[in-house]
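Summary of structural features
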Amino acid sequence: MDCPVCKTAMIVLEIEEVEIDYCTDCAGIWLDTGELELLLEDFEQAAAVLQSFAPAQSDETPRKCPICLKKMDKVLVGEADGKRELIDRCPKGHGLWFDRGELKDILTMAEFDSEGRVKELLGGIFDRPETE
Ligand SMILES: [Zn+2]
Ligand SMILES: [Zn+2]
C-alpha cells in the first residue's frame, strides 16, 4: 500500500497482531477500519474515540484513500470543547489516516489510552526523531 502523502510504499508493522501501515518517509500511520478498536483493546475507549468524530471543513489538501483512491473526508477527533485533531477518513469506510504525531496526540489528549499501553507499543514509532 502506498502512502497517501508521499506515494511511496508503506511498511507493515505488526503490533499485538494488529497490522499497522507506516510510512517511513513522513511518519504517517494508516489504520484499516477496526484496527483502532483492536489497538485500544478497551471497547469503551474505542467507542469514545469513534463517537468524537465530527465532520470538518478544511483547507488542507484532500488525501486519497490508499485502498480505493477516493478523496478522504476530514474529520475532527477529540472532545468538542478541547483540543482536537484533524484526520482523514475514507468515505467508503476503508480506514483512517493519521499524519505524524496525530495518533499519539489523540490518544494523549482525551485519555483514550489511559494506561499508556498503545503509546508504549508504538513508542518506537513515536520517538522517531524529526528529520526536517
Ligand atoms: Zn508518507
Ligand atoms: Zn477507501
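Structure shown above.
Residues numbered from 1 in each chain as written. Chains lettered and ligands numbered in written order. Predicted model: local features only at pLDDT ≥ 70, side-chain atom pairs only at ≥ 80, totals over all residues. Heavy atoms only, no water.

1. Some remarks on the nonpolar core
Short version of the rule: To define a nonpolar core, start from buried Ala, Val, Leu, Ile, Met, Phe, Trp, Tyr and Cys residues and group those joined through side-chain atoms within 4.5 Å. The buried label goes to any residue with under 20% of its type's maximum accessible area, the exposed label to any with over 50%, and the partly exposed label to all in between, with areas taken from a 1.4 Å probe on protein chains only. For helices the rule is a DSSP run of H or I covering at least 4 residues; for strands it is a run of E covering at least 2, with both sets numbered from the N terminus onward. Residues are treated as being in contact if the distance between any of their heavy atoms lies within 4.5 Å.
Formed by 23 residues in total, the largest nonpolar core has its most connected members in Ile-20, Leu-31, Ile-87, Phe-98 and Leu-103. Of all the elements in the fold, those that place two or more residues in this core are strand 2 (18-22), strand 3 (29-32), helix 1 (35-40), helix 2 (43-51), strand 5 (73-77), strand 7 (95-98) and helix 3 (102-109). For Phe-98, the contacting residues outside a window of four places in its chain are Gly-28, Ile-29, Leu-31, Ile-87, Leu-103 and Ile-106. Core analysis: the second largest hydrophobic core is formed by nine residues, Met-10, Cys-26, Cys-65 and Trp-97 among them.

2. Digging into the coordination of the zinc ion (ligand 2)
The condition that has to hold: Listed donors are limited to N, O and S atoms within 2.8 Å of the metal, widened to 3.2 Å for Na, K and Ca; water is not among them, so incomplete-looking sites are possible. Any site counts as irregular unless it has four donors with all angles between 85 and 135 degrees, making it tetrahedral, or four or six donors with opposite ones more than 155 degrees apart and the rest between 65 and 115, making it square planar or octahedral.
Within the protein, the atoms that donate to the zinc ion (ligand 2) are Cys-65 (SG), Cys-68 (SG), Cys-90 (SG) and His-94 (ND1), at distances of 2.0 to 2.3 Å. Given four donor atoms and angles of 104 to 119 degrees at the metal, the environment of the zinc ion (ligand 2) is assigned as tetrahedral. In the primary structure, the donors to the zinc ion (ligand 2) are separated according to the pattern C-x2-C-x21-C-x3-H. Taken together, the residues span a long stretch of sequence, with Cys-68 in the loop between strand 4 (54-55) and strand 5 and Cys-90 in the loop between strand 6 (85-89) and strand 7 at a distance of 22 residues. Judged by its relative accessible area of 2%, Cys-90 is buried.

3. Brief notes about the sheet that holds strand 7
Put simply, the rule reads: Criterion used throughout: strands pair if DSSP finds at least two bridges between them.
The strand order 1-2-3-7-6-5-4 describes an open sheet built from seven strands, whose pairing is antiparallel. Looking at strand neighbours, the two that pair on one side only are strand 1 (11-15) and strand 4, the edges of this open sheet. With two bridges connecting them, strand 6 and strand 7 associate as antiparallel partners. In the sheet register, Asp-88 faces strand 7, and the bridge partner there is Trp-97.

4. Section: unusual backbone geometry
Despite not being glycine, Lys-7 shows a phi value in the positive range, around 65 degrees. Note on placement: Lys-7 falls in the segment before strand 1. What makes Lys-7 exposed here is its relative accessible area of 53%. One non-glycine residue, Ala-27, lies in positive phi territory at about 65 degrees. Positionally, Ala-27 belongs in the loop between strand 2 and strand 3. Taking relative accessible area as the criterion, Ala-27 reaches 8% and is therefore assigned buried.

5. A word on the pattern of salt bridges
Basically, it comes down to this: Just to be clear on terms, a salt bridge is a Lys or Arg side-chain nitrogen sitting within 4 Å of an Asp or Glu carboxyl oxygen.
What the rule picks out here adds up to four salt bridges. When the shortest N-O distance is used, the salt bridge between Glu-60 and Lys-74 registers 3.0 Å. With Glu-60 in the loop between strand 4 and strand 5 and Lys-74 in strand 5, this residue pair connects regions lying 14 residues apart in the sequence. One salt-bridge network, in which partners are shared between bridges, spans Glu-60, Arg-63, Lys-74, Asp-88 and Asp-99.

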